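What the coordinates show
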Amino acid sequence: MPVFNITGDVDPFLHVSLAKGEKIYCESDAMVMMETNLELKGKMTGGIGAALMRTFANGESFFQQHIEAMRGDGDCLLSPTLPGAMRVLEIGAQQYMISDGAFVAASSGVELKVRTQSLGNALFAQSGGFFITETAGSGQLAVSGFGAMSELEVTPGKDVVIDNSHVVCWDKRLQYEISITTGSSGGFLGNLINSQTSGEGMVLKFSGTGKILVCSRNRAAFLAWTQSKPA
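Definitions and limits used
- Residues numbered from 1 in each chain as written.
- Predicted model: local features only at pLDDT ≥ 70, side-chain atom pairs only at ≥ 80, totals over all residues.
- Heavy atoms only, no water.
- Pairing = 2+ DSSP bridges.
- Helix = DSSP H or I, 4+ residues; strand = E, 2+ residues; numbered from the N terminus.
- Axes fitted to C-alpha atoms, helices over the stretch in contact; angles between N-to-C directions.
- Salt bridge = Lys/Arg side-chain N within 4 Å of Asp/Glu carboxyl O.

On to the sheet that holds strand S5 (residues 38-43), then. Paired through backbone hydrogen bonds, the strands of a sheet run either parallel or antiparallel to each other. Strand order in the open sheet formed by 6 strands is S5-S6-S3-S10-S13-S8, with antiparallel pairing between adjacent strands. Each end of this open sheet is capped by a strand with a single partner; those strands are S5 and strand S8 (86-91). If you compare each strand with its neighbour and ignore which way they point, the axes differ by 20° on average. Pairing geometry for strand S3 (residues 23-26) and strand S6 (residues 64-69), over 4 bridges, is antiparallel.

Strand order in the open sheet formed by 4 strands is S1-S2-S7-S4, and the pairing between neighbours is antiparallel. Of all strands in the sheet, those with a lone pairing partner are strand S1 (3-7) and strand S4 (31-34), marking the two edges. With direction set aside, neighbouring strand axes in the sheet form an average angle of 25°. Alignment of S4 against strand S7 (residues 74-78), held across 3 bridges, turns out to be antiparallel. Counterpart to Met33 in the pairing with S7 is Leu77.

Looking now at the pattern of salt bridges. Applying the stated rule across the entire model yields 6 salt bridges. Note that Glu151 is salt-bridged to Lys211, the shortest N-O span being 3.7 Å. Placement of the pair is Glu151 in strand S14 (residues 149-154) and Lys211 in strand S19 (residues 210-215), with a sequence separation of 60 residues. Asp171 serves as the salt-bridge partner of Arg173, at 2.7 Å between the closest nitrogen and oxygen. Look at the salt bridges and you will find they share partners, linking Glu39, Lys41 and Arg71 into a network.

Structure (C-alpha cells):
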C-alpha cells in the first residue's frame, strides 16, 4: 500500500512512496514533484456522475490527478491549495465526513462517496450544502486545513460546539446538527437573520464518540478581509 508522510513544518508537503503497480488519486494541481517511474493522468474518479456529485459536495475539481507507479517504485510530493497543516488518516475501521476543500489525496482503496444531509444542515452548514462527502473502503487519506490543525475528542456527555468554517473532518459515528449561538434577545428569527447577515453565530454541535479535526483559520473570513483592504 502507498505510504503517506507529512514532511516540513511550515506549509508542509505530503510525501508519498509507491511500489510498482500502486496508485493514488489527489485533488487537481496537487502534484508538485514526481519521479519518472510514476505516471500522472487526469481522470473522473468513479465516472461522470460521481465526479459531478463530488464537485457539488465539497468543491473538488471535476478531474482528479491519478498517479501510478508504472515503471517501478517511485516517490512524489503533493501540496494542498491553501497554506496550512495536513493530516494523514487511516481509513477502514474508522470512516470520516469531509468538509469543503479538505481533501488532498487518498490511496486507491479509499472511496469518496456523496450522500444527502438534513435540510437544516444543508441550508446553514459549510459542509457541502445538500450533499456531503464521506469516506468508504480502506487505506490512507490526507486532508488539509487552512492554518494550524488540532484534533478534538468527543465523548458521551461532553458535546462540543465548533464554528463550521473551522471544521476539517469528523468521525462518521458522531452525530452533528446546526446551531445558532447569537443572543436570545431578538428571538429565533432575529438571531437567524443576524447570523446569516453578519457571518457569525452558525456552528456545528457534535455529540457521541469520535474525533474531529479543526483548523485555526476561516477561509471565507480571510478572503473577505483581503478584499476589504485597499489596493
